Amino acid sequence: DVAATLHGFRQVLAIQPNHAEALAGLGQALCWQQQRRQGLTYLQQAARQLEIDARQHRNIRFILELAEQLHHWGDLDTALKLTELAVKLEPDNPAALNNRALYLTRVNRFAEALPYATRVCELRPDDPACNNMLAVLEAHLKRFPEAKQRFRKVIAANLNLRQTARA
């Protein structure tokens, strides 16, 4: 019931105008209802509120979820700001590091993405997905021998069929 959902989020915001989850929920619901411009405005407000709230709550799960929504709806700039915040709050969180590398890659900032992808692979050396991402970055940066070796390692391990095929 989309109408009830939108109404519910608006009721929460009438009481607590800076409620990040309600802002994000309303934004996401509006985007799904083909009201993308208005929805992105609420998602961006939620991001600003999360940046303020992060000093106290340090909830990077919600930060990363909002970054994914912003990425999905085409606001990579705000998604990048949120992943930067997530990495600052938890510098060894593989999901934060991975998303930071992914979004930097999406805007062709390969050299900037490399240290984040490298750190994910240090934390999870046998993970085929992070090794594929790192190999792709290495290839973009013309580090072909390293990329080839990394892809071959993923293929040889064959731990995840989708990642093996990707390699």
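These figures come from a predicted structure and were not determined experimentally. Once a new chain begins, its residue numbering starts again from 1 and follows that chain's sequence as written. With pLDDT at 70 or above as the cut-off, local features in this predicted model cover only qualifying residues; side-chain atom pairs require 80 or more to be listed or tallied, and sums for whole chains, interfaces and linings still use all residues. Heavy atoms throughout the structure, all of them, feed into the side-chain values; hydrogens and water do not.

Caption draft 1: Representation of the pattern of salt bridges within the structure. The salt bridge definition used is simple: a Lys or Arg side-chain nitrogen within 4 Å of an Asp or Glu carboxyl oxygen. Within this structure, the stated rule accounts for 5 salt bridges. For D92, the salt bridge is made with R119, and the minimal N-O distance between the two is 2.9 Å. Remark: R119 occurs in helix 7 (residues 110-123) and D92 occurs in the loop between helix 5 (76-89) and helix 6 (94-106); sequence separation between them is 27 residues. Whether a residue is buried, partly exposed or exposed follows from its accessible area with a 1.4 Å probe, protein chains only, as a fraction of its type maximum: under 20%, in between, or over 50%, in that order. Using a relative accessible area of 27% as the deciding quantity, one classes R119 as partly exposed. Between R150 and E138 there is a salt bridge, with its nearest N and O atoms 3.2 Å apart. Taken together, the positions of R150 in helix 9 (residues 144-157) and E138 in helix 8 (residues 128-140) put the pair 12 residues apart, joining distant regions of the chain. What makes R150 partly exposed here is its relative accessible area of 22%. Among the residues examined, E138 registers a relative accessible area of 6% and is labelled buried. In this structure, a network of salt bridges that share partners links the residues D92, R119 and E122. In this text, helices come from DSSP runs of H or I with a minimum length of four residues, and strands from runs of E with a minimum of two, each type numbered from the N-terminal end.

Caption draft 2: Examining the side chain of N132 more closely. Tracing the sequence through the fold places N132 in helix 8. If sequence neighbours within four positions are ignored, N132 has contacts with F151, V154, Q163, R166 and A167. Only heavy atoms enter the contact rule, under which two residues are in contact if any of them lie within 4.5 Å.

Caption draft 3: The confidence of the model for the protein, seen in detail. Looking at the protein, pLDDT values average 95 and 100% of them are 70 or higher. pLDDT is a residue-level measure of predictor confidence that goes from 0 to 100. When the elements of the protein are averaged for pLDDT, helix 3 (residues 36-57) gives the smallest value, 92, and helix 7 the largest, 98.

Caption draft 4: Broad picture of the packing of helix 7 against helix 8. Note on geometry: axes are lines fitted to C-alpha atoms, helical ones only across the stretch in contact, with angles between N-to-C directions running from 0 to 180 degrees. The contact between helix 7 and helix 8 brings their axes to 9 Å, and the two run at 150°. Judged by the angle between their axes, helix 7 and helix 8 are roughly antiparallel. Judged by the twist between their axes, the crossing of helix 7 over helix 8 is left-handed. Taking contact as the criterion, the partners of F110, A113, L114, A117, T118, V120 and C121 in helix 7 are, on helix 8, C130, N131, M133, L134, L137, E138 and H140. Classes in brief: Ala, Val, Leu, Ile, Met, Phe, Trp, Tyr, Cys and Pro nonpolar; Asp, Glu, Lys and Arg charged; the others, Gly included, polar. Split by residue class, the contact of helix 7 with helix 8 holds 10 nonpolar, 3 polar and 1 charged. Should an angle fall under 35 degrees it is taken as roughly parallel, and over 145 as roughly antiparallel, whereas 65 to 115 is taken as roughly perpendicular and any remaining angle as oblique. Each crossing is labelled by how the near helix is turned from the far one, with a counterclockwise turn of less than a right angle marking it left-handed and a clockwise turn marking it right-handed.

Caption draft 5: Region of interest: the nonpolar core. As used here, the term nonpolar core means buried Ala, Val, Leu, Ile, Met, Phe, Trp, Tyr and Cys residues forming a set that is joined through side-chain atoms within 4.5 Å. With 48 residues, the main nonpolar core has L43, I60, I63, L66, L70, L82 and L137 as its most contacted residues. Among all residues touching L43, those that are not within four sequence positions of it are L23, A24, G27, Q28, C31, L66, L70 and W73.

Caption draft 6: Representation of unusual backbone geometry within the structure. Residue Q34 is not a glycine yet carries a positive backbone phi of 60°. Looking at the element boundaries, Q34 is found in the loop between helix 2 (20-32) and helix 3. Classification of Q34 by relative accessible area gives exposed; the value is 71%. Positive phi values are uncommon outside glycine, yet K142 reaches one of about 65°. Here K142 lies in the loop between helix 8 and helix 9. Judged by its relative accessible area of 63%, K142 falls in the exposed class.

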